Amino acid sequence: MIRPILIHPDPRLKKLCEPVAEITPEIERLAADMLETMYDAPGIGLAAPQVGVTKRLLVMDCIKEGTPEPMALVNPEVIWASEDLSVYEEGCLSIPDQYADVKRPAEVQVRWMDLKGQMQERQFAGIWATCVQHEIDHLDGKLFIDYLGPLKRQMITRKMEKLKRERAREV
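Predicted, not measured: the structure shown is a model, and the values here were computed from it.

Engineer: How would you sum up the pairing of strand β2 (residues 57-60)? Please name residues and give values.
Structural biologist: What you see with β2 is no split at all: Leu 57 and Val 59 on one side and Leu 58 and Met 60 on the other are buried throughout. Here strand β1 (residues 45-47) pairs with β2 via three bridges, running antiparallel. In the strand pairing of β2, Gly 45 is matched with Met 60. Sheet topology note: the β2/strand β3 (residues 71-81) ladder contains four bridges and is antiparallel. From the neighbouring strand, Val 59 faces β3, where its bridge partner is Ala 72.

Engineer: How would you summarise the packing of aromatic side chains if you had to cite specific residues and measurements?
Structural biologist: With the rule as written, the count across this model stands at two aromatic pairs. For the pair Trp 112 and Phe 124, a centre-to-centre distance of 6.0 Å together with 35° between the ring planes defines the contact as tilted. With a gap of twelve residues between them, Trp 112 in strand β6 (residues 107-113) and Phe 124 in strand β7 (residues 119-125) connect regions that are remote in the sequence. In this pair, the class of Trp 112 matches that of Phe 124, namely buried. Ring centres 6.3 Å apart and planes at 20° place the aromatic pair Phe 124 and Trp 128 in the stacked group. Considered together, Phe 124 and Trp 128 belong to a single accessibility category, that of buried residues. An aromatic cluster is built from Trp 112, Phe 124 and Trp 128, whose rings are joined through pairwise contacts. Over the ring of Tyr 147 we find Lys 142, and its NZ or CZ is 4.2 Å from the ring centre.

Thresholds, definitions, all that
- Residues numbered from 1 in each chain as written.
- Predicted model: local features only at pLDDT ≥ 70, side-chain atom pairs only at ≥ 80, totals over all residues.
- Heavy atoms only, no water.
- Buried < 20%, exposed > 50% of the residue type's maximum accessible area, 1.4 Å probe, protein only.
- Helix = DSSP H or I, 4+ residues; strand = E, 2+ residues; numbered from the N terminus.
- Pairing = 2+ DSSP bridges.
- Phe/Tyr/Trp six-rings, centres within 6.5 Å; stacked < 30°, edge-to-face > 60°.
- Lys NZ or Arg CZ within 6 Å of the ring centre and 35° of its normal.

The quantities given are spatial measurements derived from coordinates; they are silent on function.
Below is the structure:
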């Protein structure tokens, strides 16, 4: 089921998410819905707070062409980050049509639980590293615009407020 994506500013996007205690059918359904929502948007990552659920769950698939590689990460944490940084022009499904360069570690080692309850660990590089860090930020109540200067952040926030007003009028 495709779920509505929250648009910034929304207080739910700024909340620290609580860990998932156990893999339940509800968590599996949420992950499936989030993947469907992400692909439909279209995007390469989506965190649970973006669909209004304050749980530590994210989904991602950075394969643009070829066989999809959908991933669901429960309670993900970065356990190592490279000193090398990379700059990537990031966007966000909760901040539509707005992009900005964000500097992050070029590689990260992430530990998480999969939907079978098994612990996983993987080193991500390139777009995968950027994506997983961006989505984990969501779980900590942080948006990519929080890395920008105050003027640029305010400008984007005002555009999103205007977009939300326009969408409310259309309903």
